[in-house]
Amino acid sequence: MVEIRYTRLDGFEVFASYGDGYMKRVAVLTSGGDAPGMNAAIRSVVRTGLAYGWEVYGVEHGYRGCMSGQFRPMTARDVGGIIQLGGTILGSARAPAFETEEGRREALREFAQAGIEALIVIGGNGSQQGSQALSEMGFPVVGIASTIDNDLYGSEITLGVDTALNIALEAVDRLKVTASSHQRAFLVEVMGRDSGYLALMTGIAGGAEAILIPEVDFEPAEIAQELREAYQRGKAHGLVVVAEGAKYNAQAMVDYFRENHEDLGFGLRATILGHVQRGGMPGAFDRNLATRFGAKATEAIHKGDFGVLVGLTKGAITTTPLSEVTSNVKQLDAGLIELAKTLAM
Ligand code: F6P
C-alpha cells in the first residue's frame, strides 16, 4: 500500500492510497520523438490495464495534453490493429511548459478533475525527466524506456532502436551497391542526438571503414587518410557512418575534403537519413519488447511500485528508480568502438 499527498493548483489537498486493487483510472501517454513500437506499448498498457479492472485513458500529444486535459477513454477495440503501426496513435509532442512547476501543477489539476490516479509515460530522456518531476510532486508515475537514440540509463535497449537500426542498415546496404558501381565513398549521417549508439551499431553491421560519433574525438584529416588507404588496399567503395552529434557532420566532412583538395581516390557523396529512421513499422523485436514493457508498467502500478522506469536489463524486463535513471548517463560500450576499428581493415 502506498499513500500520497499533494496540493492541487486550486489549493485543494489530495490524499490517496494505492496498492493491490485500489487503482481505478490510469492514463498513458507518448512523449518526445516518436519511436517504432510505441503503439504496441499503448496496446499492451490498455489491454493489461483493462484486465486489472481499470479504466484506461489515453492522453493526446504527450505532456501538452496533460496540461490541457486532452484525455480519451481507451477500449480494447480502440487499440485493435495498431501493433504493426509506426508512430503513435496518441500523438506526441515536446512540451517546454511542462518543465516548469506551474505547468506540472496544471497537469495535476487536470488529472484530479478527470479522476486519473496514475500515469504511464512512454518516452526517452526528456520525457522521463518529466516523469521524475511529477513523481517528486507525489503523483504515481511509471515510465517505459522508448527512444531510437538508446541513450536512456536503466534500459540496455530502448523501444524503437532495433527498428531504426534496421532502417538505417537497409539504406546503407543500398548505398553500398551504388557506391561500388562508381568507386565512391559515402558519408551516411544517422540520428541519435548526443549519442553515437545508432551510428556505431549501423557502422558495425554495415561494414563501415570509419564511424564518427560524439563520444570519440577525431579530425577530418585522419578520416581522409583512412579512406585513402582503403582505396589503395583495393576497396570498391568506402563507407563512413556519421552520428548527427559528431564533431563534424556528414556534409561538413565532404566540404572539408573538397576545400582541402584531398585526393582520396574515391568520389564522395553525403547522405543524411534523418527522420526516415523513425517512421518505420516496428519489427518483431520492438513489438515484443513493447508488449512486455507495457505489461510490466501496469504490473508496477498494480503493485504500487511507482516512480520507476521499465527497461531491459540482461534479457529481463526490469524496473529502475526514475531518480537513478535521470541522474546517470548511459555509456557506450568502449569494446565495441575498438572492435569497429579492428574490423575496418
Ligand atoms: O530523440 C529522437 C530524435 O530522433 C533524435 O535522434 C533527433 O536528434 C531528434 O529526435 C530530432 O527531433 P525532432 O523530431 O524534434 O526533429
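Not measured: the values here are computed from a predicted model.

**Focus: the overall build of the protein**
Along the protein, the regular secondary structure elements total 11 helices and 13 strands. In terms of overall dimensions, the protein has C-alpha extents of about 70 × 35 × 30 Å along its principal axes. Taken across its 345 residues, the protein has 52% of its residues classed as buried. A separation of at least 24 residues holds for 73% of the contacts in the protein among residues at least 6 apart in sequence. When the accessible surface of the protein is split by element, carbon and sulfur atoms take 50% of a total near 14,500 Å².

**Brief notes about the site of the ligand**
Around the ligand, the surrounding shell consists of Arg94, Ile148, Asp149, Met191, Gly192, Arg193, Glu244, His275 and Arg278. Residue Arg94 places a side-chain N or O atom 3.0 Å away from an oxygen atom belonging to the ligand. Take Asp149: an N or O atom from its side chain is 2.7 Å from an oxygen atom of the ligand. Protein burial of the ligand: of its 400 Å² of free accessible surface, 75% is covered by the chains. Among the residues making up the shell around the ligand, the classes are represented as two nonpolar, two polar and five charged. Here the shell around the ligand gathers at least three residues from each of two domains, domain 1 (2-160 + 282-327) and domain 2 (161-279).

**Quick word on the pairing of strand S12 (residues 308-313)**
Of all six residues in S12, five are buried, a share of seventy percent or more. For strand S7 (residues 141-145) and S12, the ladder comprises three bridges, and the chain directions are parallel. Across the sheet, Val142 pairs through a bridge with Val308, a residue of S12. Note: S12 against strand S13 (residues 316-321), six bridges, orientation antiparallel. Counted as the bridge partner of Gly311 is Thr318 from S13. Joining the antiparallel neighbours S12 and S13 is a turn of two residues, in which Lys314 adopts a positive phi near 50°.

Thresholds, definitions, all that
- Residues numbered from 1 in each chain as written.
- Predicted model: local features only at pLDDT ≥ 70, side-chain atom pairs only at ≥ 80, totals over all residues.
- Heavy atoms only, no water.
- Helix = DSSP H or I, 4+ residues; strand = E, 2+ residues; numbered from the N terminus.
- Buried < 20%, exposed > 50% of the residue type's maximum accessible area, 1.4 Å probe, protein only.
- Contact = heavy atoms within 4.5 Å.
- Areas by Shrake-Rupley, 256 points an atom, 1.4 Å probe, with all protein chains shown as cover.
- Near = heavy atom within 4 Å.
- Polar contact = N/O pair within 3.5 Å; in protein donor to acceptor, adjacent residues only side chain to side chain.
- Nonpolar A, V, L, I, M, F, W, Y, C, P; charged D, E, K, R; others polar.
- Domains from an automatic or database assignment.
- Pairing = 2+ DSSP bridges.

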